[in-house]
Amino acid sequence: LHGDATGMTATLRMNADDQPIINGALRSLSAWDATTFNGGWRQRPVVGEATLNGLNLARFAALIPDLPHLAGQAEGTVFLAGTWQQPSIGGKLTLSGIEAKIAANIPTLSDGSAELEFVDHTIHIVRGAIDLGGAPVTVAGNIVLGKSTQIDVRLDGTNALLLQRHDARLRANLALSLQGPLDGLTLSGKAVVTNALFTPDLSVWQSGAGGGRRGGGHDGRMVPFEFVDPPLSTMRFDVAVSSAFSDTNDGVRLATTLVRADADLDLRLRGKGAAPELTGRVVVRKGKILLPFSTLTMANGEVLFPEGDPFHPRVNAIANAQVRRYALTLQVDGPLADPQVRASGDGLDQRDALLLLTTGSTSGELTDENGQRAVLGRLGGWLGMEAWRLVDGPADPDTTAGIFERMTVDFGRKISETGKETIDAQVEVTKPDERPSLLIYGERDRWDEYNAGLILRF
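A brief structural summary. Quantities reported herein were computed from a predicted structural model and do not represent experimental measurements.

### Some details on the overall build of the protein chain
Point 1. Helix and strand counts for the protein chain come out as 4 helices and 24 strands.
Point 2. Taken over 458 residues, the protein chain has a buried fraction of 35%.
Point 3. For the protein chain, the share of sequence-separated contacts (at least 6 apart) that also reach a separation of at least 24 residues comes to 41%.
Point 4. When the accessible surface of the protein chain is split by element, carbon and sulfur atoms take 56% of a total near 25900 Å².

What follows is the structure, encoded as structure tokens:
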């Protein structure tokens, strides 16, 4: 600090790891006297400048509440002018190597960069970009600093990774605006989902929606995600969520041991970060329900999020299967947390239709000695496949269909002359849904003979 008749000058130099990262000077022009120290200093003119060279942004992480991680470097020059009471700040900064974790539910922002211009109390984001799961998201707009910081920025991205959990992954094209004060932000615009995979822990042995708020708590509420800390918890949403796929491997996919389905989205995301609300519908394009002794093909299906009750979605689905000589239909309808399940088939009551789907036998066959032997045979085959799955480990939904996904086995479409059930088995060699397709075929026919061959299906 140095002073003379022309004024006062404060110089600043900051080193880190023996390297200068800040060099600056602050000058108050004209001499300081008794009136200056009696309050007149507020009106004194002041000028200053500071040069930043490799300033580590991690040093400022503690100044930002609830920010788990921040890294990167800043370079540039900042200028100060005006009076002590009303200073004006200007300058330019270049940020590089930005890495930040803003919430547990959001993937880490990485490989970020930005060019900032300061004009008085406004920060202009001239150019900004951040990486979300290998996809760039551009950022542009203004931040006005003050007692109530105001944000007005635009976010645009292609195939950005928005969610990555052990049971979910979601990528989308973004055209979003983030506006408002820091404690009352609004995120609006469009998110077009390009790739999504959901693998919740569902099986035929479970009922209801399971525990935890994410999948539906004990009251059946379904909350897609949630933020606990502000400003994300107080942020409002008004985002149209749809889906568009350009590749056969893309899509919104549900993959569990019970259901495999591809779907289209027509949703609206509203509410606040602490309790987001989805309205609209999820429509199944194609899907299968996988039961121990039958595989049903979904004729149609949708999950509806009502406008007046978005936390309690409803499901409606119809699936069909051929089990032995019976054509069966399964209908699921009602609240997603506790739907009604009904089965039907020609000449069958609901009990026998459900038994055929889940055990491969009717109630009459379960009480008949020959029928019981047939059931034990099917059960042994199923337990063998389940044992192999246990050894082989869980299926990877991102890979091509495995041997069990390509195999269909039908027991008892006919009864042989010796009273044995026929067996029809097919294994698809080509990719699923590819036409023409090639299959390996094997059977035990109604004359108790074993046959094998190839099928070319057009």
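### Focus on the pairing of strand 24 (residues 450-457)
Point 1. With respect to burial, strand 24 is a largely exposed element, only 0 of its 8 residues being buried.
Point 2. By the bridge criterion, 8 bridges tie strand 23 (residues 437-444) to strand 24 in an arrangement that is antiparallel. Within strand 24, the residue paired with isoleucine 440 across the bridge is leucine 454.

### Here's the deal with the pattern of salt bridges
Point 1. Taken as a whole and assessed by the stated rule, the structure comprises 7 salt bridges.
Point 2. Across the pair arginine 165 and aspartate 167 runs a salt bridge whose closest N-O atoms are separated by 3.0 Å. Across the pair, aspartate 167 and arginine 165 agree in class, each one buried.
Point 3. For arginine 281, the salt bridge goes to glutamate 302, with nearest N and O atoms at 2.8 Å. Of this pair, arginine 281 sits in strand 16 (residues 275-291) while glutamate 302 sits in strand 17 (residues 294-305), and the two are 21 residues apart along the sequence.
Point 4. When its relative accessible area of 27% is taken as the criterion, glutamate 302 is described as partly exposed.

Here is what the cut-offs are and how they apply
Residues numbered from 1 in each chain as written. Predicted model: local features only at pLDDT ≥ 70, side-chain atom pairs only at ≥ 80, totals over all residues. Heavy atoms only, no water. Helix = DSSP H or I, 4+ residues; strand = E, 2+ residues; numbered from the N terminus. Buried < 20%, exposed > 50% of the residue type's maximum accessible area, 1.4 Å probe, protein only. Contact = heavy atoms within 4.5 Å. Areas by Shrake-Rupley, 256 points an atom, 1.4 Å probe, with all protein chains shown as cover. Pairing = 2+ DSSP bridges. Salt bridge = Lys/Arg side-chain N within 4 Å of Asp/Glu carboxyl O.

Any functional reading would require information that these geometric values do not contain.
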